[in-house]
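Analysis of the macromolecular model
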Amino acid sequence: MVNRYIIVTLILECVITLLGTVFNSFIVFLSFRCWVRNRKQHSLELILIFLGLSNISSGSLLVTDHVCLFTLVCNSEHQAVVKAFRYFIECSIVTSFWFTAWLCIFYCVKIMNVQHVLLLWLKTKISQVLPWMFLGSVLAALLTSPPALTGITVAPMNSTEMDLENQTIKEYKMTFSLSFQIYVGAFGYCMPLLVVTLSVLLIITSLCQHVRHMALNVDGFHRPRMDIHIRAAMTVVSLWILYFSFYLAIMLTITGSLGAVTSLSFPVLALVTSCYSPVQAWILILGNSKLKESILKFLGHGRIQHGADRIGLPIVGVDSLTP
């Protein structure tokens, strides 16, 4: 029966969210420890800390929202609670999106040959600008999420009911107003995606220039630095693919493609959105040599110099590049 798919989906969501919480907590802990030990501001560690915390928050709120949406009796008394809860979900998601965008910008200015005056300024001043970026991300989330308070309605579908062990279970549908779809979808979700896309394009363009330079002057080109750039580009592209998949699932949800909570489309979209946090955390771990070294030691693989080469994991040495 359909409801069994929903139950299995919610269980899988809880397990995936737990994995995401563990992975992101690992990132936050190690990044914070590195930041404290060095006793100075490191842009990458700060981004990873805030990104990990926002992923933990958004993942936990999303799975809680799905569980409540299926189990909660949505009457008039619960509408205000649902809307307020959804407001915090939107704030958390938008904040996570913006932190992902700033991470991609960080990779971009670190690895590419800067020619534009704005990127050159950002490369030299990123440690001073980063706190303002974080503040702007939070303000953007707070300003783009208010439509959740007025543009969301959760109501039972009168035409569909199921009977399970002498209990009547109604299908519920969450509908989003057009203003919510335009305001939150375009400004909250799409703007960070455009920043990430721009970063990917700039990095790929820089890599093409490196390859062309290598073809013209092989002796003057440092192969190890090229490998670092390629691996960093792979990390950013992976983040873009993950972001776009999550963005597509969220947009299908808020535009009404999700339908009833017990419809067969719900498990697919719910699992896609729940995978965002753990998958992104794993990408970040594989994309940072310090994080990978720590997790390999934790898993008993020994030192990274021997273990990473043996199992063939890519190491992105962006954290070792000069600002």
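Residues numbered from 1 in each chain as written. Predicted model: local features only at pLDDT ≥ 70, side-chain atom pairs only at ≥ 80, totals over all residues. Heavy atoms only, no water.

1. Concerning the overall build of the protein chain
The number of helices and strands found in the protein chain is 10 helices and two strands. Burial statistics for the protein chain: of 323 residues in total, 49% are counted as buried. Summarising the internal contacts of the protein chain: among those between residues at least 6 apart in sequence, 77% fall at separations of at least 24. Accessible surface, the protein chain: about 16,000 Å² in total, of which carbon and sulfur atoms supply 68%. (Helix = DSSP H or I, 4+ residues; strand = E, 2+ residues; numbered from the N terminus. Buried < 20%, exposed > 50% of the residue type's maximum accessible area, 1.4 Å probe, protein only. Contact = heavy atoms within 4.5 Å. Areas by Shrake-Rupley, 256 points an atom, 1.4 Å probe, with all protein chains shown as cover.)

2. Some words on the confidence of the model for the protein chain
When the pLDDT values of the protein chain are averaged, the result is 75; 72% of them are 70 or greater. Helix α2 (residues 43–71) holds the highest mean pLDDT among the elements of the protein chain, 86, whereas helix α10 (residues 304–311) holds the lowest, 39. Contacts from residues 159–169, a stretch scored under 50 in pLDDT, to residues over four places away or in other chains number 15 contacts. In the predicted structure, residues 302–323 sits below a pLDDT of 50 and forms 53 contacts with residues beyond four places in sequence or in another chain. (pLDDT = per-residue confidence, 0-100.)

3. Let's talk about helix α9 (residues 289–298)
All buried positions along α9 are accounted for by Ser 289, Leu 291, Lys 292, Ile 295 and Leu 296. Buried residues of α9 fall within an arc of 160° about the axis and therefore sit on the same side. (Arc of directions from axis to C-beta.)

4. Focus: a nonpolar patch on the surface
Together, Trp 132, Leu 135, Val 138, Leu 139, Leu 142, Leu 143, Tyr 183, Phe 187, Met 191 and Leu 194 make up an exposed nonpolar region whose accessible area comes to about 990 Å². Elements represented by at least two residues in the nonpolar patch include exactly α4 (117–144) and α6 (178–216). Tracing the backbone shows Val 138 in helix α4. Classification of Val 138 as partly exposed rests on a relative accessible area of 37%. (Patch = residues over 30% accessible without salt bridge, like charges linked within 9 Å, V, L, I, M, F, W, Y side chains within 5 Å. Salt bridge = Lys/Arg side-chain N within 4 Å of Asp/Glu carboxyl O.)

5. Points about the environment of Ala 101
The residue Ala 101 is located in helix α3 (residues 76–111) in this model. Sequence spacing of Ala 101 and Leu 239 is 138 residues, and the spatial spacing of their C-alpha atoms is 9.4 Å. Setting aside chain neighbours within four positions, we find Ala 101 in contact with Pro 192, Val 195 and Val 196.

6. Brief notes about the packing of aromatic side chains
One pass over the full model with this rule turns up 13 aromatic pairs. Judged by centre distance (5.5 Å) and plane angle (40°), the rings of Phe 23 and Trp 282 are tilted. Linking Phe 23 in helix α1 (residues 2–38) with Trp 282 in helix α8 (residues 265–286), this pair joins segments that are 259 residues apart in sequence. (Phe/Tyr/Trp six-rings, centres within 6.5 Å; stacked < 30°, edge-to-face > 60°.)

7. Description of the nonpolar core
Counting 67 residues, the largest nonpolar core has Leu 103, Tyr 189 and Ile 203 as the members making the most contacts within it. Of all the secondary structure elements, the ones that give two or more residues to this core are α1, α2, α3, α4, α6, α7 (223–254), α8 and α9. If you tally residues by element for this core, the top one is α3, at 18 residues. Among all residues touching Tyr 189, those that are not within four sequence positions of it are Glu 90, Ile 93, Val 94, Phe 97, Val 184, Tyr 243, Tyr 247, Ile 250, Met 251 and Ile 254. (Core = buried A, V, L, I, M, F, W, Y, C linked by side-chain atoms within 4.5 Å.)

8. Observations regarding α4
Taking 1.5 Å per residue, 28 residues should reach 40 Å; α4 reaches only 30 Å between its end C-alpha atoms and comes up short. For α4, the set of buried residues is Leu 119, Leu 122, Lys 123, Ile 126, Val 129, Leu 130, Met 133, Phe 134, Ser 137, Ala 141 and Thr 144. (Expected span 1.5 Å × (residues − 1).)

9. Observations regarding the side chain of Ser 31
Within the element layout of this structure, Ser 31 appears in helix α1. A polar contact is formed between the side chain of Ser 31 and the backbone oxygen of Ile 27, at a distance of 2.8 Å. Among all residues touching Ser 31, those that are not within four sequence positions of it are Glu 45, Leu 48, Ile 49 and Leu 291. (Polar contact = N/O pair within 3.5 Å; in protein donor to acceptor, adjacent residues only side chain to side chain.)

10. Section: the environment of Ser 60
Relative to the assigned elements, Ser 60 resides in helix α2. As for Ser 60 and Gly 20, which are separated by 40 residues in sequence, their C-alpha atoms are 9.1 Å apart. Excluding anything up to four places from it in sequence, Ser 60 contacts Thr 17 and Thr 21. Among the polar contacts made by the side chain of Ser 60, one reaches the main-chain carbonyl oxygen of Ile 56 at a distance of 2.8 Å.

11. Comments concerning the environment of Val 184
The residue Val 184 is located in helix α6 in this model. Residue Val 184 is classed as buried on the basis of its relative accessible area, which comes to 0%. Sequence spacing of Val 184 and Ile 254 is 70 residues, and the spatial spacing of their C-alpha atoms is 9.6 Å. Among residues more than four places away in sequence, those in contact with Val 184 are Glu 90, Thr 144, Pro 147, Ser 179 and Tyr 189.

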